[in-house]
Amino acid sequence: MARNKHPEETVNLILDTSLRLFMEKGYENTSIQDIIGHLGGLSKGAIYHHFKSKEDILVAVTDKMTEESNRMLARIRDRSDLSGREKLKTIFKESIFRPVQDEIFTVAPNLGNNQRLFMSIFRETIEDAVPNYICPIIKQGIADGTISTEEPAELAELIIIAANIWLNPMIFDDTVEKTERKAKVFQRMMQGFGLDIVDDEMLERLIQLAAIYQKNR
């Protein structure tokens, strides 16, 4: 689907509306008619002019959600002034301190109850972020001596799964207290790999995001 040929304003309206409904109602419980009803007069034909199905909309929503993150990952991956380990720390720090995270954790649903959206995001992360961004950084760290592992691809997957899924209160509906305990375990686990990439400031930020999420549940 050549989405870059679509009128940008209309496509963005469809995607923003669909994401809001997917998050509020769940993907399975959102119909094309629900989306049409929130588009301010756009017809069903207008949607199908751009997207063949609700599944296509989900793919495009996921692409849009990960686009900004991937730009950040590429920028850090390509820096020449940081070691591999420093790049991992920078990625983690920038990811959780982005101002948009406050908004995301304010409106986000329990992703454990929105499995299609969650799996779409997860698949995109494993198939794109791991091989194209995280793994090359770990390999750089091996080369520059700041990371020690014989399994860079598997370590990359472990870091992504632990940070993006296990630590995410939107998936497990974790309390602030449980998020804090998990964050400390994650910190110690990374230290066990020789990766001192999670400092106390980051721990406090993770706890803050969990508090924002629980406050608006």
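Not measured: the values here are computed from a predicted model.

**Points about unusual backbone geometry**
So, point 1. Unusually for a residue other than glycine, D173 sits at a positive phi of about 55 degrees.
So, point 2. Note on placement: D173 falls in the loop between α9 (169-172) and α10 (176-192).
So, point 3. Judged by its relative accessible area of 30%, D173 falls in the partly exposed class.

**Quick word on helix α1 (residues 8-25)**
So, point 1. Here α1 spans 25 Å end to end across 18 residues, near enough to the 26 Å set by a 1.5 Å rise per residue.
So, point 2. Within α1, the full set of buried residues consists of V11, I14, L15, T17, S18, L21, F22 and M23.
So, point 3. Within two residues after α1, G26 carries a phi angle of roughly 95 degrees, on the positive side.

**Notes on the pattern of salt bridges**
So, point 1. Per the counting criterion, the structure on display carries eleven salt bridges.
So, point 2. A salt bridge links D16 to K64, with the nearest nitrogen and oxygen atoms 2.7 Å apart. With D16 in helix α1 and K64 in helix α4 (residues 54-77), this pair connects stretches of sequence that are 48 residues apart.
So, point 3. Judged by its relative accessible area of 40%, D16 falls in the partly exposed class.
So, point 4. Its salt-bridge partner being E201, residue K93 comes within 3.5 Å of it at the nearest N-O pair. With a gap of 108 residues between them, K93 in helix α5 (residues 84-97) and E201 in helix α11 (residues 200-215) connect regions that are remote in the sequence.
So, point 5. On the basis of relative accessibility, which here comes to 35%, the residue K93 falls in the partly exposed class.
So, point 6. When its relative accessible area of 44% is taken as the criterion, E201 is described as partly exposed.

**Describing the packing of α10 against α11**
So, point 1. For the pair α10 and α11, interaxial distance at closest approach is 9 Å and the crossing angle is 150 degrees. Classed by the angle they form, the pair α10 and α11 counts as roughly antiparallel. Helix-helix and strand crossings are classified by hand; for α10 and α11 the assignment is right-handed. Contacts from V176, T179, E180, A183, K184 and Q187 of α10 reach α11 at D200, L203, L206, I207, A210, A211 and Q214.
So, point 2. Looking at the contact of α10 with α11 residue by residue, the class counts come to seven nonpolar, three polar and three charged.

**Things to note about a nonpolar patch on the surface**
So, point 1. A cluster of nonpolar side chains, W166, F172 and V185, forms an exposed patch at the surface whose accessible area comes to about 260 Å².
So, point 2. Tracing the sequence through the fold places W166 in helix α8 (residues 152-166).
So, point 3. In this structure W166 comes out as partly exposed when scored by relative accessible area, which is 33%.

**Things to note about the environment of I147**
So, point 1. Its place among the elements puts I147 in the loop between α7 (115-144) and α8.
So, point 2. Placed 47 residues apart in sequence, I147 and G194 show a C-alpha to C-alpha distance of 6.9 Å.
So, point 3. What I147 contacts, discounting residues up to four positions off in sequence, is G84, R85, L88, I137, I138, G141, I142, L155 and L195.

**Some remarks on the side chain of S18**
So, point 1. Within the secondary structure, S18 is located in helix α1.
So, point 2. Under the relative-accessibility criterion, S18 is labelled buried at 0%.
So, point 3. Excluding residues within four positions of it along the chain, S18 makes contact with I35, I57 and V61.

So, how was this worked out
- Residues numbered from 1 in each chain as written.
- Predicted model: local features only at pLDDT ≥ 70, side-chain atom pairs only at ≥ 80, totals over all residues.
- Heavy atoms only, no water.
- Helix = DSSP H or I, 4+ residues; strand = E, 2+ residues; numbered from the N terminus.
- Buried < 20%, exposed > 50% of the residue type's maximum accessible area, 1.4 Å probe, protein only.
- Expected span 1.5 Å × (residues − 1).
- Salt bridge = Lys/Arg side-chain N within 4 Å of Asp/Glu carboxyl O.
- Axes fitted to C-alpha atoms, helices over the stretch in contact; angles between N-to-C directions.
- Parallel < 35°, antiparallel > 145°, perpendicular 65-115°, else oblique.
- Left-handed = near helix turned anticlockwise from the far one by under 90°.
- Contact = heavy atoms within 4.5 Å.
- Nonpolar A, V, L, I, M, F, W, Y, C, P; charged D, E, K, R; others polar.
- Patch = residues over 30% accessible without salt bridge, like charges linked within 9 Å, V, L, I, M, F, W, Y side chains within 5 Å.
- Areas by Shrake-Rupley, 256 points an atom, 1.4 Å probe, with all protein chains shown as cover.

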